[in-house]
Every structure is written in C-alpha cells, then in structure tokens.
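Fold and contact review
Chain by chain, the residues run as shown.
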Amino acid sequence: MTGEGATGAALGDEPPLEHLIAAATVRIHGRRPGYDPSGPDEGVRTFLGSGFFVAPNWVLTCAHVALAEGGGHVDVVHEPEPGGPPAVVPGEVAVALPGTPPRPGDGWAAPDLALIRLRKPTEHACVHLAEQPLTDHGPGGGRSGPLLGFAGWFRAGRRLSRYDGTVTVLGRIGWGADEELRLGDDDLPDGVSGGPVFDPHRGEVVALVKSRRTREQGGTAVRTGQLRHLPVSLAPPPAAAPAPAAPARTPRRTPPRTTLRRTPRTRPGPRPRTRRRAR
C-alpha cells in the first residue's frame, strides 16, 4: 500500500489481497451543495472517515463516521486503481447501530457499525471478510496477541492521504454486542476510523478501526462478526443490479353482457269447435 505510514513494499510488489484491500478502501465525505469531495481543498473540509466495500455497491464503516453530520446521505470517494483518479458516488445510510448520535460528552457505543448503500451502481473491488480468534498461542505456550494490518485515510496537512500499518491485539473490552478489541503498538491517526483491519498473511478483513487513543499508540476495533447484531429487517441483502421488471400484462377484455328479456307466458284460448258433417 502507499501513503504516509505505509509499511509495505511498492504497490507492484504487494500480495494480490493487500492490493485488493487498498482498492476497496474508500473515503466517506459529508454531502454539501457546491463542494467537490474529490478536490484537494474541498475534500479535506468534507472528510468524515474511512470505509471499505464488502459487497457490490455496499460500504461498511463506523456509525459515528456515517452519521457524523446527522444526516443519512454521504459521498463515497474511491479509487478504482489505487493512486489513480478518484470516483465520487452518492450513498445513503441503510442501517446503523447505534442509529442516533449519543448525548454530548458520551462516546459512541459498540458495535458502532453502519452500512452505506450506493445510489448509483459502480464497478469496484470488494474485500474478503473472515473472523479472527482473539489471541494466538506462541510456540512456548505463552499468550500473545495476533499481529494485524490496518488501512484507511487521514488528513496530511491540507491534503488527504492513505495510511496503513500493523497493530497488536492486546485484549478486549466488553462482551457480545459491546465487545471491542484493544489495539496497540502503532499510531491510529484521526480519519482511519471505519477502515479495514486485516490478517496480513491471508489478506482477509477481520475487523474495522473504531477509535484511537489520544496520548498513546493504538485504539480499538470492532470485529466483523459484530455484523450479526445489525437489524436484519433494515439491511436488505446487497444486489448488484435491480431485477428486471415483469412484462406488462394486457388487460383482459370482458365481453358486454346481453340482457335477455323474458317473454310473457300466455294462456291458450278455447279450442274452436268443429261442426260434424251429417251423413
């Protein structure tokens, strides 16, 4: 991956899955009339955080990123080829948990997840999702946290730049829907929230960055398994394109009804008498 803070080799020397993660990592911007989020100055002003494509036309990020400006409409900026020209696609927040901002002074509670649906279909890369055990056991039987990679975007002065590195899982906070992974051993600058956390050996995304420490290295992350806690009824399955409409059915013409009139019955009159002829 490229950008300040990158720890890997040149883009052409990266493993295919890491290149895929870089192509699938996006920027989330607030929608403001007259602003172009792909521009150098306007992009910095509207920048909210990071995210990544998990399915065709669907972006996973943090709820505090997607709902940072209180509305459900954002702009998603992605580079179909890392380092190439950016593409801007409007999106809307389909589901978020929590669904509303916290009270002033309170932080966003876990799982702090949001799914953004693109309003215009576009071609893009998608990451591979997987689940990661909390700890690995070293050869000596000791307990050591796994080493994971992370990626995202951040403000580098008056421009936006990619940022990636490696972190160590130190433990966890909470349990169930409130669980967060504690990360350490690297800086998590403002803006990488919502970015992917991945296994550097397999290239699979196992979590996303949630928060950073203000005075120390590291922060917290939310595992991809927390997606199970999103309201299913509010998050329809992703679809690359709408299903074709059914052909219009020709209305059946009903023949006009014919009214039959009943002929009144008449009683037969008296039978005429015939005279017999004399023999």
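Quick caveat, the model's predicted, so the values are computed rather than measured.

**Considering the overall build of the protein**
- In terms of helices and strands, the protein carries 3 helices and 14 strands.
- A total of 279 residues make up the protein; the buried ones form 43% of that total.
- Intrachain contacts of the protein at a sequence separation of at least 6 include 62% that bridge at least 24 residues.

**Side note on the sheet that holds strand β4 (residues 73-78)**
- Strand order in the closed barrel formed by 6 strands is β1-β2-β3-β6-β5-β4, and the pairing between neighbours is antiparallel. Adjacent strand axes in the sheet meet at a mean angle of 40°, parallel and antiparallel pairs treated alike.
- For strand β3 (residues 58-61) and strand β6 (residues 113-118), the ladder comprises 4 bridges, and the chain directions are antiparallel. From the neighbouring strand, Trp 58 faces β6, where its bridge partner is Arg 117.

**What about the pairing of strand β10 (residues 159-173)?**
- In this sheet, β10 lies alongside strand β9 (residues 147-156) in antiparallel orientation, the contact comprising 10 bridges. Paired with Phe 150 across the bridge in β10 is Gly 165.
- Counted between consecutive antiparallel strands, the loop separating β10 from strand β11 (residues 180-184) contains 6 residues, among which Gly 174 sits at a positive phi close to 80°.

**Looking at the packing of aromatic side chains**
- Inspection of the entire model under this criterion finds 2 aromatic pairs.
- Ring centres of Phe 154 and Tyr 163 lie 5.1 Å apart, and the angle between their planes is 70°; this geometry places the pair in the edge-to-face category.
- Among the aromatic side chains, those forming a connected cluster through ring pairs are Phe 150, Phe 154 and Tyr 163.

**Topic: the sheet that holds strand β14 (residues 219-223)**
- Taken together, 6 strands build a closed barrel; the order of strands is β9-β10-β11-β14-β13-β12 and the barrel is antiparallel. Here the strands of the sheet are splayed against their neighbours by 45° on average, with no regard to which way each runs.
- Examined bridge by bridge, strand β13 (residues 205-212) and β14 share 5 bridges and lie antiparallel to one another. If you follow Arg 212 over to β14, its bridge partner there is Gly 219.

**A short note on unusual backbone geometry**
- With an omega dihedral of 0°, the bond running from Leu 97 to Pro 98 counts as a cis peptide bond.
- As for its position among the elements, Pro 98 is in the loop between β5 (87-97) and β6.
- Here the residue pair Ala 110 and Pro 111 is connected by a cis peptide bond, since its omega of 10° sits within 30 degrees of zero.
- With respect to the secondary-structure elements, Pro 111 resides in the loop between β5 and β6.
- A positive phi angle, close to 55°, is found at Asp 112, a residue other than glycine.
- In this model, Asp 185 sits at a positive phi of 75°, which is unusual for a non-glycine residue.
- In this structure, Asp 185 sits in the loop between β11 and β12 (196-198).
- Taking the relative accessible area as the measure of exposure, Asp 185 reaches 52% and is therefore exposed.

**What to know about the pattern of salt bridges**
- The full count for this structure, using the stated rule, is 12 salt bridges.
- Linking Lys 210 and Asp 112 is a salt bridge whose minimum nitrogen-to-oxygen distance equals 3.6 Å. You can see Lys 210 sitting in strand β13 and its partner Asp 112 sitting in the loop between β5 and β6, a full 98 residues away along the chain. Asp 112 shares its class with Lys 210; the two are buried.
- One salt bridge in this structure joins Asp 199 and Arg 202, with 3.1 Å as the shortest N-O distance.
- Judged by its relative accessible area of 5%, Asp 199 is buried.
- Classification of Arg 202 as partly exposed rests on a relative accessible area of 39%.

**Observations regarding the confidence of the model for the protein**
- Within the protein, residue pLDDT values average 78, and 70% of them lie at 70 or more.
- Within the protein, no element has a lower average pLDDT than strand β7 (residues 136-137), which sits at 44, and none a higher one than β3, at 97.
- Considering only residues more than four positions removed or in separate chains, one finds that residues 135-143, a stretch of pLDDT under 50, has 11 contacts.

**What to know about the environment of Gln 226**
- Within the secondary structure layout, Gln 226 lies in the segment after β14.
- Along the primary structure Gln 226 and Gly 176 are separated by 50 residues, whereas in three dimensions their C-alpha atoms are 8.1 Å apart.
- Those residues in contact with Gln 226 that lie beyond four places of it in its chain are Pro 111, Leu 113, Gly 176, Ala 177, Asp 178 and Glu 179.

**Thoughts on the nonpolar core**
- By size, the foremost hydrophobic cluster in this structure holds 37 residues, and its most contacted members are Ile 28, Phe 53, Val 59, Val 76, Ile 116 and Leu 208.
- One finds Phe 154, Val 167, Val 169 and Val 209 within the second-largest nonpolar core, a separate group that totals 16 residues.

Analysis parameters
Residues numbered from 1 in each chain as written. Predicted model: local features only at pLDDT ≥ 70, side-chain atom pairs only at ≥ 80, totals over all residues. Heavy atoms only, no water. Helix = DSSP H or I, 4+ residues; strand = E, 2+ residues; numbered from the N terminus. Buried < 20%, exposed > 50% of the residue type's maximum accessible area, 1.4 Å probe, protein only. Contact = heavy atoms within 4.5 Å. Pairing = 2+ DSSP bridges. Axes fitted to C-alpha atoms, helices over the stretch in contact; angles between N-to-C directions. Phe/Tyr/Trp six-rings, centres within 6.5 Å; stacked < 30°, edge-to-face > 60°. Salt bridge = Lys/Arg side-chain N within 4 Å of Asp/Glu carboxyl O. pLDDT = per-residue confidence, 0-100. Core = buried A, V, L, I, M, F, W, Y, C linked by side-chain atoms within 4.5 Å.

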